[in-house]
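Coordinate inspection notes
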Amino acid sequence: MPELPDLEVLKVFLNQNFAGEKIVGVELKGESFLKTKFFPPEVFKNSTLERINRRGKLLIFEADNGFKLVFHPMLRGWVKEDAGEIFTFKFEGGKVLGIYEVEPVKLLQLYIVKKPENLRVLKSLGPEPIDSGFTADYLKNVAEGFKGTVKKLITTQKIVAGIGNAYADEILWDARINPFRKVSQLKSEDFENLVSSTKNVLKEAIEAISRASRGNIPPFEFREHMKIHRKEGQPCPRCGTPIEVKFEKERGTWWCPTCQKE
Ligand SMILES: [Zn+2]
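This is a predicted model, so every value here is computed, not measured. (Residues numbered from 1 in each chain as written. Predicted model: local features only at pLDDT ≥ 70, side-chain atom pairs only at ≥ 80, totals over all residues.)

A look at the domain arrangement of the protein chain
- What the domain assignment reports for the protein chain is domain 1 (4-123) and domain 2 (136-255).
- Here the C-alpha centre of domain 2 lies 28 Å away from the C-alpha centre of domain 1.
- Each partner contributes to the interface: domain 1 provides 15 residues, whereas domain 2 provides 16 residues.
- If you tally residues by element for the side of domain 1 that touches domain 2, the top one is helix H1 (residues 4-18), at 7 residues.
- Of the residues assigned to the side of domain 1 that touches domain 2, the class counts are 8 nonpolar, 1 polar and 6 charged. (Domains from an automatic or database assignment. Contact = placed C-beta atoms within 7 Å. Helix = DSSP H or I, 4+ residues; strand = E, 2+ residues; numbered from the N terminus. Nonpolar A, V, L, I, M, F, W, Y, C, P; charged D, E, K, R; others polar.)

Rendered as structure tokens:
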């Protein structure tokens, strides 16, 4: 699933290459992907794509006539500079931008709205972890009474937006916190570490993905910079202990049993 760093780099690419372009045509293939029915895709025709914003794991394409296309990639959604199997923008001068799934899992969601802030998927999101509003005090406050593990805490979108399974593993390794530790057992210093690791890991990931993209659309789920996620049996880059993995409902958690003691 694309997470915050993937979408942040994609957002920058889209703004550099498509913002300011006039939309001369749109094509929706597969009505089921469009979750709002108030406005047809044709509302974008003859408007200009002003900018692309990101919130959590969603992108918002904003046209100058007030309409916005909200794109939630879910597990396999991405974009390409070609007609998309799900949605396509055609621009004056021949540029094309397509929305599709790299594997057809049919989970991708699109919304056409004027006020995206009213959509439940956006309204319910917590702060952006790379913004200054995401602090140890904030996290400690919202964690009060949270039943569950620290991994669950940082992947809960209404607590903090944009972190999924993969980056949660990397953040917890960086912060030296066991992913299965109960939130009620975290100390003040753990919240400090958690917040600074979150910012550092995401920032470094954005830089790594930007470099790997070389000015093109970022590769789908580029993860070569990851240190422990999906690396069971490989030595921990910090202490050499083999990385462990545990699966719950097909979702894996990777951690170092030495650096991240329970
Ligand atoms: Zn280790």
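Describing unusual backbone geometry
- With phi around 65°, arginine 230 is a residue other than glycine that occupies positive phi space.
- The residue lysine 249 is not glycine, and still its phi comes out positive at about 50°.
- Mapped onto the secondary structure, lysine 249 falls in the loop between strand S9 (244-248) and strand S10 (251-255).

Looking at the packing of H1 against helix H6 (residues 188-213)
- Close contact between H1 and H6 brings their axes to 9 Å; oriented N to C, the two are set at 50°. It follows from the interaxial angle that H1 and H6 lie oblique. Considering only the axes of H1 and H6, their crossing is right-handed. Touching Leu4, Pro5, Asp6, Glu8, Val9 and Phe13 of H1 are Leu202, Ala205, Ile206, Ile209, Ser210 and Ser213, all from H6. (Axes fitted to C-alpha atoms, helices over the stretch in contact; angles between N-to-C directions. Parallel < 35°, antiparallel > 145°, perpendicular 65-115°, else oblique. Left-handed = near helix turned anticlockwise from the far one by under 90°.)

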